Amino acid sequence: MASETLIFRSKTLIPGAAYRPANPLVSSNNGTITLRFRSCNREGKMGRVFVCSSVSLFPDVPVSGKRPWKVADARLVLEDGSVWSAKSFGASGTQLGEVVFNTSLTGYQEILTDPSYAGQFVLMTNPHIGNTGVNIFDEESRQCFLAGLVIRNLSICTSNWRCTESLEEYLIRKNIMGIYDVDTRAITRRLRQDGSLKGVISTEESKTDKELLEMTHKWNIVGVDLITGVTCDAPYEWVEKTDAEWEFSKDPSYSEKFHVVAYDFGIKYNILRRLASCGCKITVVPSKWPASETLKMKPDGVLFSNGPGDPSAVPYAVETVKEIIGKIPVFGICMGHQLLGQALGGKTFKMKFGHHGGNHPVRDLRSGRVDISAQNHNYAVDPESLPEGVEVTHVNLNDGSCAGLAFPGQKVMSLQYHPEASPGPHDSDSTFREFVELMKRNKSMV
């Protein structure tokens, strides 16, 4: 049986000739493929085999050693020693972070701009990311604070009427590293089994796997104050409400205005929009703003916002909460919930892999109602450590962890998750009106 090499740029090997595939079909390493074809006559009788070892995949591209597609040029090295080959998009370089997985199906832009992800690599379990691009309206903070983005498939095109740029263009502009073509399912299973892992993403070929692994062992995120890096520099007033096009609440607005001081531990814009939509006048203050200055403002209530990292690493924030509790109504969200737990005498602990996503079921123990919630936290309040009088109001139905607190005698309410969503379901939006009612009752008693 004779063999010969053919180079072709059309769908047929030789014009007018008939061929049928002959096993095997073998991929080569130089951007071409090796094919075996067997010739046949008009009656279909099989003839000799032709081995085509330089078949161009693209008719108009000359056969060369350079591949016409992007090849792996990045690595994710985890602290357990595993190395994951990947393709880069966004910024280049080397970046350390804690790897967490997010189960949201949509809303990657809001996730990218959530300050609570500071110091973390966000791995999206939804395999297809980037198809809606990025727009100027869905930002949840002034910048991206996360360490990097890890995804399975990067969309090669965008399709959304609000899109102003692609995800890759956005990450380049924001100087954020991203990698794709990674087995995100395998990494997620590892995180669920072993817990959140420290890791490093690098596009630098000069760094060995061993060097990158040593970097993860020397770096730590526990006990680090991450709030200072995401809070605002000075107080400011917030007036923007939820746009009428996106307003989903059917409840009438309050005619009475309530002044709320919001501590910015990494606050998301939509928390402020929802409070403003409930008729609140909002003053946002930095994380280290003195409690005495807040009380001088004579607000109707205080909001302690979401934020990144370990609540035990910010004792100054706990002291601020202690000084305000009992004097005026307070509402804590996420980090604010954890700070309230500590200020009331409870303890917090680091969870195995945390809660990150827009599909977490939560039960309100007071009514039995179950909400699907958006969550993003690696720490939780230990309910067994709370003193008498503090009531656990909500529990996460996935693992039974504390998802909400109340201390009626001290005018305290809190949630471990995000009632403002963005992204996520709106099931718990009524909590903002619950806070307004708490301020209203307190004001009537003064």
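Residues numbered from 1 in each chain as written. Predicted model: local features only at pLDDT ≥ 70, side-chain atom pairs only at ≥ 80, totals over all residues. Heavy atoms only, no water.

### A short note on the overall build of the chain
The cut-off we apply is this: Runs of H or I in DSSP of at least four residues are treated as helices and runs of E of at least two as strands, each being numbered from the N terminus. What makes two residues a contact is simply this: any of their non-hydrogen atoms within 4.5 Å.
Of regular secondary structure, the chain possesses nine helices and 23 strands. Excluding contacts between residues fewer than 6 apart, the proportion of contacts in the chain whose partners are at least 24 apart in sequence is 73%.

### As for the pairing of strand S21 (residues 391-396)
Worth spelling out the cut-off: Whether two strands pair depends on DSSP finding at least two bridges between them.
Pairing of strand S19 (residues 347-364) with S21, which is carried by three bridges, proceeds in the antiparallel orientation. Across the sheet, residue Val362 finds its bridge partner in S21, namely Asn396.

### Thoughts on the packing of helix H7 (residues 315-324) against helix H8 (residues 335-343)
Each pair of packed helices can be described by the angle between their axes along with the distance between the axes. To keep things clear, this is the line we draw: Lines are fitted to the C-alpha atoms to define the axes, a helix being fitted only along its stretch in contact, and any angle between axes, read from their N-to-C directions, falls within 0 to 180 degrees. Angles are sorted into four bins: roughly parallel if under 35 degrees, roughly antiparallel if over 145, roughly perpendicular if 65 to 115, and oblique for all others. Nonpolar residues are Ala, Val, Leu, Ile, Met, Phe, Trp, Tyr, Cys and Pro. Charged residues are Asp, Glu, Lys and Arg, and all others, Gly as well, are polar.
One way to put it is that H7 packs onto H8 with a least axis distance of 9 Å and a crossing angle of 70 degrees. Of the possible angle classes, the one that applies to H7 and H8 is roughly perpendicular. Contacts from Ala317, Val318, Val321 and Lys322 in H7 reach Leu339, Leu340, Gln342 and Ala343 in H8. Its residues assigned to classes, the contact of H7 with H8 comprises six nonpolar, one polar and one charged.

### Observations regarding the sheet that holds strand S8 (residues 120-124)
With mixed pairing, seven strands are arranged side by side around a closed barrel as S5-S6-S12-S10-S8-S7-S13. Sheet twist, expressed as the mean angle between neighbouring strand axes with direction ignored, is 35 degrees. Direction of pairing for S8 relative to strand S10 (residues 148-150): parallel, over a ladder of three bridges. If you follow Leu123 over to S10, its bridge partner there is Val150. Of the strands in this sheet, strand S5 (74-78), strand S6 (83-90), strand S7 (94-102), S8, S10 and strand S13 (197-202) are in contact with helix H3 (residues 184-194), which crosses S7 at around 80 degrees.

Purely geometric stuff here, so don't read any function into it on its own.
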